[in-house]
Each structure stands twice: as C-alpha cells, then as structure tokens.
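Below, each chain spelled out in residue letters.
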Amino acid sequence: MTVSPSGASMTKIAEPNPAFTKMVEKGGPGGETLMLCYQCGTCTASCPSGRLTAFRTRQIIRKAQLGLKDEILPSDDLWLCTTCYSCVERCPREVEITDILFILRNMAVREGHMAEQHKKIGENMLKHGATVPVKEEVMKLRVKMGLPENPPTTVGNKKAMEDFRKIMEECGFDKLMKGGKK
Amino acid sequence: MSGRYAFFLGCVAPLRYPGIELATREIFKSLGVELVELEGAGCCPAPGVIRSFDQTTWLALAARNLALAEQKKTDIMTICNGCYGSMFEANHIMQHHPEEMKKVNDVLSKVGLKYNGAVKVRHFAEVLYKDIGMEKIKAHVKNPLNYNIAVHYGCHFVKPTRVKHLDDPERPRILDELVEATGAKSINYKDKLMCCGAGGGVRSRDNKTALRMTEEKLKNLKKVNAQMIVDVCPFCHLQYDASQNDLPGYNIPVIHLSQLYGMAFGLPRDKLGLEAHVTKVNL
C-alpha cells in the first residue's frame, strides 16, 4: 500500500517489466507476435473457458505485454485455456495467443508453479511413455478382442521405454516434474 | 510417401478404448490400405499438458515418433486430434526453424535416431476424405445407418488453420460428409464447434470447469435429440463418455468415427470394443 497526496491509501500498481516481455517474445515460436495485440478483445469473446470462468485471454496478453510476471506465472487463470485455438483463428492481428500461453506456462512450471495432478501426468510419462496409467481391465479387454495385451508402443517395450525416458532426462523433464528449474 | 501409413496409436485409444484401435485396423484392411506397425512409438506427446510443461521435451518426443516413421519410409497416421495437433505442429516447427531441428537432433542422437523432416502427419479422417474418397467409402457401406448424429470436430483437427489448411475453421464440412457417407444424418446444433472442455490440461487440473463445458455441449445435443456423438479424438471421446457418469440426465452414446465406420462396414459388434464405454451404447 502507498499513500496518495490526499492521504487516501492506494493499492500498489505493478510496474511494467520490459525484460520479462522480451523473455516471452523470445520464449519460442509465436512469442514474437506478442506486441501485435491491440487489445480488441476478440479472443476473450471467443473463449469457451472464459464463458464459464473468470479467465480473460485479452487480460493475460496485456499483462504479458507489460511484463507483469508475478501476476501471470502463479495464477490459476493461466491453466484455464483448453488450447482450442478459437481465439487464434479470429485474432485480427494474427497474434499466436495459444503459443504465447504455452511459453508462459513453461515459465510458470520452471518456477515451480505446477498442479499435483499435472505432476502425476509427468510421472505416467516417465513410467510408461503415456499420459494415462495402464488399467488391468482394459488389458483384459484387449486380449478378449484379439489385440495383443500390450499395444505395440512404449507400454511393455523395454528398449523403447528406455529411449523415451532418456530423451526426457536429456531435456531435464524428470527434474522439472520434481519441482521446477531446468 | 503415400499409399501406406505408419499407424500411430497414442495413449488413450489403446489404453482406454481399444475398440477405436481395432475398428481402425479393420476398416483400413477392408479398404485395402496398408497400416504399418510403428513399434515402440510413445506418447505424441500430449499438446495440452506436455507442451505446456516443457516445449523442448515436447518437441523432442514428437520428433522421436516422426523419426520412427521416417525409418519406415511412411507418413504417420493418427486416430486422435491431440496426437495430430502435437505431431503436426512439432513437424511444422522443425521444418521451418532449422535451429529447433538441430537442437532436437542433438537430443535424438543420444538414442541413435535422427529426424530429417520427410514425414507428413496425417489424421485418419483426412486420409479417408482425401486419399480414399467418398465414392470408395460409400461402396464399402454394407449396413447403411439411419441415425441422427451430432458430429464433434474437436479443436485440433482443422485448427490452427494457418498451418493445416484442411477446412474452414468456423464451418468445416469434412466430418459431416464422412458421417453422411454411412447413410446417417449429421444434425446441426448450437455451439457445434465448441471445445469438449478436456484440452489444455483442464480436465486433469480443473475437472469441474471441464465438466461445465462438457455439460454445455451435452445440453445442446439433447435439445436436438442427437442419437449419438461422433468424434475423431479419443480424448474428446473420453471426456464425453466418462463425464456423463457425473452428469445426471444425459445418456448419449459416444462413438469414434472408426467405430461408426465399423458399424457401417458390417464389422461384428465385438470388434468395436463398446463394452469399454462408460455411457452404454444401445444402438
């Protein structure tokens, strides 16, 4: 809180952080379109998630333009986008909104902001090379239908799974799932 | 590289709805199209979660799948919008950003693989529509279907159109035509192109929000008396199918296009894996 000349207290206004803005712009393909946004709000109006929640696409993009790192990275809103691309299709400025959200989410994860449920998915990946765990009743059904019990994927294929895990380790994914920083 | 396709299974189809896998194998066999087994392929990896966590890992794992298909000298064919979206976009990034391709190949070299960018990523519905064609499909329909079907495109089949150029993002037709080739009617409904709610890691992180989106869709489907939902994505399939267990008052069967074609081509019911469905299929 700061105090205005008239003596009334004011909420502290976040200062723009151009260094963070630069990081988003250079954070991956699509990031370079960040500053093209002129805040028309077509994205927010097109968002099926925003229709039901307080998630506002336009606002996240504005915050990214201003570099308001601390307002973006820990927020739950960042994870309400279903990556449906409706906003991207309609954006008159061709801002790669979904790509920018991916960049911001990657930054959030590196800082340790990750839901437990999402860490679970990371664990499934490290274990089976799949997002969902293996269920015994489905394996039984596979056999009953005449399919091999294990699909011809990383599931049940030791060598393939070793390679798959090695790639994840090479990229630092295993450490990332344990709490951020690569 | 066409005429034969490396069959990419993904995770949800083989591990939750094996009927989708088997029906796909059977309908392509009927159509005389060779599906090459892609032994040891992994997760695509999932665009909503893994790409959200770490793009480098996402890109490298997608490239591993593409490199495996490249070794077989085939394009890769998916039965899932998520797998299609992930590998299509990853491929696009590598083909247009040499520095990303180099980074990825440095990682792949640790497991003795290299990707040169020669593979095309195809969605099975697109293969049916473009490579096989309506006439041939219609000729294979042994049991013409007579249902009112609500088609669900999902998000990553035609979008983003800036890289895919498949169909119109606001008024696509491909799936409607593919469904109507069986004799069924594709009915219109409010917010037809809206997301099922599952993507982007929302289903796992915030199931309530995902459910509310699904309910919105189901409400609109009920209003027009849809007899079934037909999807082309096992993840949308899972979301619609499993969610109806948590949403009282809904009982709309969820059928993957491969299963619908199985019905129309006269495949025995036990090859469709319908017993894995949470929402019972009484059709």
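Note that the structure is a prediction, hence the values are computed from the model and not measured. (Residues numbered from 1 in each chain as written. Chains lettered and ligands numbered in written order. Predicted model: local features only at pLDDT ≥ 70, side-chain atom pairs only at ≥ 80, totals over all residues. Heavy atoms only, no water.)

### A closer look at helix α14 (residues 257-264) of chain B
Residues and elements named next belong to chain B. The buried fraction of α14 is high, at eight of eight residues. Inspection of α14 places Leu-257, Ser-258, Gln-259, Leu-260, Tyr-261, Gly-262, Met-263 and Ala-264 among the buried residues, and these make up the whole buried set. Just past α14, the residue Gly-266 takes up positive phi, approximately 85°. (Buried < 20%, exposed > 50% of the residue type's maximum accessible area, 1.4 Å probe, protein only. Helix = DSSP H or I, 4+ residues; strand = E, 2+ residues; numbered from the N terminus.)

### Some remarks on the packing of helix α9 (residues 136-145) of chain A against helix α2 (residues 18-30) of chain B
At their nearest, the axes of α9 of chain A and α2 of chain B sit 10 Å apart, and the two run at 25° to each other. When the axis of α9 of chain A is compared with that of α2 of chain B, the two are roughly parallel. Viewed along their axes, α9 of chain A and α2 of chain B form a crossing whose handedness is right-handed. Counting all contacts with α9 of chain A, which are made through Val-138, Leu-141, Arg-142 and Met-145 of chain A, the residues of α2 of chain B involved are Pro-18, Gly-19, Glu-21 and Leu-22 of chain B. Considering only residue class, the contact of α9 of chain A with α2 of chain B consists of five nonpolar, one polar and two charged. (Axes fitted to C-alpha atoms, helices over the stretch in contact; angles between N-to-C directions. Parallel < 35°, antiparallel > 145°, perpendicular 65-115°, else oblique. Left-handed = near helix turned anticlockwise from the far one by under 90°. Contact = heavy atoms within 4.5 Å. Nonpolar A, V, L, I, M, F, W, Y, C, P; charged D, E, K, R; others polar.)

### So, the environment of Lys-135 of chain A
Relative to the assigned elements, Lys-135 of chain A resides in the loop between α8 (116-128) and α9. Sequence separation between Lys-135 of chain A and Met-107 of chain A is 28 residues, and the spatial gap between their C-alpha atoms is 33 Å.

### Describing the sheet that holds strand β2 (residues 34-37) of chain B
All names here are of chain B. Reading across the sheet, the four strands line up as β2-β1-β3-β4 and stay open at both edges, with parallel pairing between neighbours. Of all strands in the sheet, those with a lone pairing partner are β2 and β4 (121-123), marking the two edges. Averaged over all pairs of adjacent strands, the angle between strand axes in this sheet comes to 45°, irrespective of strand direction. One ladder, built from four bridges, connects strand β1 (residues 4-8) with β2; its direction is parallel. Across the sheet, residue Arg-4 finds its bridge partner in β2, namely Glu-34. Together, β1, β3 (75-78) and β4 form the strand contacts of helix α4 (residues 55-71), whose direction differs from that of β3 by roughly 125°. (Pairing = 2+ DSSP bridges.)

### A look at the interface of chain A and chain B
On the chain B side, the residues contacting the 63 residues of chain A number 71 residues. Inspection of the region where chain A meets chain B yields nine salt bridges. Close ionic contact of Arg-205 of chain B with Asp-76 of chain A constitutes a salt bridge, the shortest N to O distance being 3.3 Å. Put simply, chain A and chain B have 26 residue pairs in polar contact (both at pLDDT 80 or more) between them. Counting only elements with at least two residues in the side of chain A that touches chain B, the list comes to α3 (48-52), α6 (86-90), α7 (97-110), α8, α9, α10 (158-170) and α11 (173-177) of chain A. Of the residues contributing to the side of chain A that touches chain B, the split by class is 35 nonpolar, 13 polar and 15 charged. (Salt bridge = Lys/Arg side-chain N within 4 Å of Asp/Glu carboxyl O. Polar contact = N/O pair within 3.5 Å; in protein donor to acceptor, adjacent residues only side chain to side chain.)

### Examining the pairing of β3 of chain B
Residue and element names in this part refer to chain B. Going residue by residue along β3, you find Asp-75 and Met-77 tucked away on one face and Ile-76 and Thr-78 tucked away on the opposite face as well. When β1 meets β3, the two strands line up parallel, connected through four bridges. Looking across to β3, one finds that Phe-7 is bridged to Met-77. The pairing of β3 with β4 spans three bridges and is parallel. Residue Ile-76 lies in a different strand from β4, and its bridge partner there is Val-121.

### A word on the confidence of the model for chain B
When pLDDT is averaged along chain B, the result is 97, and 99% of the positions lie at 70 or above. Of the two predicted TM-score estimates for the complex, the pTM is 0.95 and the ipTM is 0.96. (pLDDT = per-residue confidence, 0-100.)

### A look at the side chain of Ser-52 of chain B
Relative to the assigned elements, Ser-52 of chain B resides in helix α3 (residues 50-53). Engagement of the side chain of Ser-52 of chain B in a polar contact is seen with the backbone oxygen of Gly-48 of chain B, the distance being 2.5 Å.

### What about the sheet that holds strand β7 (residues 228-231) of chain B?
Residue and element names in this part refer to chain B. Spatially, β6-β5-β7-β8 is the arrangement adopted by the four strands of the open sheet, whose pairing is parallel. The open sheet has two edge strands, β6 (185-186) and β8 (254-256), and neither has a second partner. When strand β5 (residues 148-152) meets β7, the two strands line up parallel, connected through four bridges. The residue bridging Ala-150 from the neighbouring strand is Ile-229, located in β7.

### Notes on the nonpolar core
Generally speaking, soluble globular proteins have nonpolar side chains that are buried together. Within the largest apolar cluster, 157 residues are counted, with the highest numbers of intra-cluster contacts made by Leu-104 of chain A together with Phe-28, Ile-76, Leu-128, Leu-178 and Leu-257 of chain B. Residue contributions to this core peak at ten residues, all from α4 of chain B. For Leu-178 of chain B, the residues in contact, after removing those within four places along its chain, are Ala-125, Leu-128, Tyr-129, Met-134, Ile-137, Leu-257 and Tyr-261 of chain B. (Core = buried A, V, L, I, M, F, W, Y, C linked by side-chain atoms within 4.5 Å.)

### Focus on the pattern of salt bridges
Inspection of the entire model under this criterion finds 29 salt bridges over all chains. Among the salt bridges present, the one from Glu-136 of chain A reaches Lys-140 of chain A, with a minimum N-O distance of 3.6 Å. Of this pair, Glu-136 of chain A and Lys-140 of chain A both sit in helix α9, four residues apart, which is roughly one turn of that helix. Per residue, the accessibility class of Glu-136 of chain A equals that of Lys-140 of chain A, and both read exposed. The closest approach of N and O atoms between Arg-162 of chain B and Glu-89 of chain B, which form a salt bridge, is 3.9 Å. Here Arg-162 of chain B, found in helix α9 (residues 161-164), pairs with Glu-89 of chain B, found in helix α5 (residues 81-96); they are 73 residues apart in sequence, far enough to count as distant. Residues joined in a network through salt bridges with shared partners are Glu-96 and Asp-99 of chain A together with Arg-51, Glu-89 and Arg-162 of chain B.

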